[in-house]
Structure formats: C-alpha cells, structure tokens
Amino acid sequence: MQVVSVEVSDAVVAVRARTRSGEPAGCTKCGQLSEWCRSRYARRLVDVTLAGRPLRIDLSVRRLYCENTTCPRTTFAEQVPGLTVRYQRRTPRLQRLVEDIGVVLAGRGGSRMLRILNIRLSRVAVLSQLMRVSLPPLVTPRVLGVDDFALHGGTYGTLLVDATTRLPLTLWEGREAEQLGRWLREHPGVEVACRDGSLTYRQGITAGAPEAVQVSDRFHLWQGLSRRVQDIASAHRDCLPAALPPVSEDDRPSAEETTENAVASSRAGRHAQSLFEAVQALTRTGRSHSSVARELGLDRRTVGK
C-alpha cells in the first residue's frame, strides 16, 4: 500500500492511500492470485483516533479478474490485510474496540464511552455490532444451574447457567423434562445440578445425567424455608398470643399511637404529615379550601379531608 497524502485539520486527520498495481491479490472466493486489474474504486475507512482526532482513510483499491476458470466469482475486490474487511467501513482495530466496549457497557454506555474517545456511534449501532460478536464455544460445566423464567403470561422458559462462573449457557422456551434430558446427553460431564423443587427438572436431570448429584441452590432453600414457616405460623395462629409475654396496661401503646408511629416511619407518612401541616397552617389564616388547594397543587376535596 502506498500513502499518497496526509491532511491534518482540527476536525479530522485524512489519509489518502492506494494499493500497488504490480502486486498480486488473492481471490476472496478461491484464493487464486491474480494481477489482472479490471478497475479501481475508492473506499472510505474510519480508524481509531489519532492524537484525539478522528482518522479517516481514503483508500483506492483494485477490482481484479479471477484467473481461475472454475471459480464462480468472475471479479473480486482486493483486501488489505489488517486494514480492510469485506462490507466493512471500519478498520479491524476500530471494530475490535467497538465490540469490546459494547460487551462491557452495552448500548447507551458504550455510545457515551466512544463519544469520549471522539468516535461517533449511536447506541443502536453499538448494539448491532454487539449482536454480531460470535459467542465463545460452549464448555460443559461441572456444576450446572437449572431454573425457569416467565416469558409472558403463562409461558415459561428454561435457563441453564454455569454455577461456577455464573455465566448463562443457553435458554429455550418451555420447561419439559425431555428437552433438558436431551441437552444433558449431548453435553456430558455435569457432576452437580442445582435446581428448584419441580418434578419436571428432576426427571430431566435423572434421564440425561443419572450420575449427577441434584441439589437445591440457596435461593430455593430460603424460599422453601420461608414458605414452610409461613404455613406453620398460619396453622398455629391461635397459639401465638399465648406464647407472648404478658404486657401491662401502662406499657401497652394505644391504637392511635401505634398508627401514628407506623405512618410517621414511612416516606409516604412523612409526606402526608408535611402536607397536613401545610394545609392546617393556611386554613388557620381564614383562607378557603379552594385557595389552599390552588397554592399547594392539591384537590379541593383532599384539602377538606
């Protein structure tokens, strides 16, 4: 590649370059080298910033004929390794930067971070690039977490999580035992399976990984314990007052004090108390309810109440 000129301004750094005519280029379909140039066209690329300024590369590339007679592609555009990618207006270095920031900060946060680096991309563009990132290869975890989640209404899905790294593995619609067992047979190696108390997941794990130890995670243990305590307390509600220590009449708070303390301890109670004091202070001056309601932005019936 030959650099023709470099223009530096306050807004952008523009580099004009062109590929050399005498060098062969490989066909993007079959890889056959060719020097038979058909035409040239200009590509405008964007790279990472240079000294805080956006870097634009105006590159003149060749379109060549493929000399392989069996290749279905008659012509192809040459690619510069490390600089150009097919159908891409960003350099691979800038593309990796956008993808890394998108993985860490997602759409809106990634767009703001790129704007700090003087790279203008919308949150939709960052999310679009994030969706194109290939997922890492699936590694069967030693400890697998299985749980369901609600999609909408009465429709549920199943989520599989690596309990060691807490990273999601896969998800699908429905919570059938057959589908879970099929996934476990296709991915052997699970030694411990964390699940809820449903019979469906127990049957699926037993069918797909019979040697795996089935346990309940901390959330479902606390959930089951709280439900059991609630059931016991509801069944023995009549016995609870007898277990309380006796309280004298002098120590027992009145119903009005209990209500006032409960109301005053909450944020809504404090707001209601401040409104009550403001209404009382204005009505003591002889003003009408309508006048007080207009000043405080309340309804007239609220002021009267």
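Residues numbered from 1 in each chain as written. Predicted model: local features only at pLDDT ≥ 70, side-chain atom pairs only at ≥ 80, totals over all residues. Heavy atoms only, no water.

### Here we look at unusual backbone geometry
One non-glycine residue with positive phi stands out, namely Ala51, at about 55°. The backbone of Ala106 shows a phi angle near 65°, a positive value even though the residue is not glycine. Structurally, the position occupied by Ala106 is in helix α1 (residues 92-116). (Helix = DSSP H or I, 4+ residues; strand = E, 2+ residues; numbered from the N terminus.)

### Focus on the confidence of the model for the protein chain
A residue-level look at the protein chain finds 94% of positions with pLDDT of 70 or above and a mean pLDDT of 88. The spread of mean pLDDT over the elements of the protein chain runs between helix α7 (residues 255-264), the lowest at 58, and helix α3 (residues 177-186), the highest at 94. (pLDDT = per-residue confidence, 0-100.)

### So, the layout of surface pockets
Size it by volume and the largest pocket reaches roughly 480 Å³. Around the largest pocket, the lining is made up of 15 residues, and of these Leu135, Pro136, Leu167, Pro168 and Leu169 lie nearest the centre. Top element by residues in the lining of the largest pocket is strand β10 (residues 167-173). It accounts for 4 residues. If you add up the space inside the second largest pocket, you get close to 370 Å³. Gly145, Val146, Asp147, Leu159, Val161, Ala163, Arg166, Cys194, Asp217, Arg218 and Phe219 together form the lining of the second largest pocket. Looking at the lining of the second largest pocket, the elements with two or more residues in it are β8 (143-152), β9 (155-162) and α5 (218-235). Considering every element that reaches the lining of the second largest pocket, the biggest residue donor is β8, with 3 residues. (1 Å grid on protein atoms, 1.4 Å probe; cavity = no way out; pocket = protein on both sides within 12 Å on 5 of 7 lines; lining within 4 Å. Points joined across faces, edges and corners; volume = space filled by probe spheres on them.)

### Looking at the packing of helix α8 (residues 267-283) against helix α9 (residues 289-296)
Following both chains from N to C, one finds α8 and α9 inclined at 135°, their axes separated by 10 Å at the closest point. With respect to each other, α8 and α9 are oriented oblique. Here α8 runs over α9; the crossing is right-handed. Here Ala278, Val279, Leu282 and Thr283 of α8 come into contact with α9, specifically with His289, Val292, Glu295 and Leu296. Class assignment for the residues of the contact of α8 with α9 results in 5 nonpolar, 2 polar and 1 charged. (Axes fitted to C-alpha atoms, helices over the stretch in contact; angles between N-to-C directions. Parallel < 35°, antiparallel > 145°, perpendicular 65-115°, else oblique. Left-handed = near helix turned anticlockwise from the far one by under 90°. Contact = heavy atoms within 4.5 Å. Nonpolar A, V, L, I, M, F, W, Y, C, P; charged D, E, K, R; others polar.)

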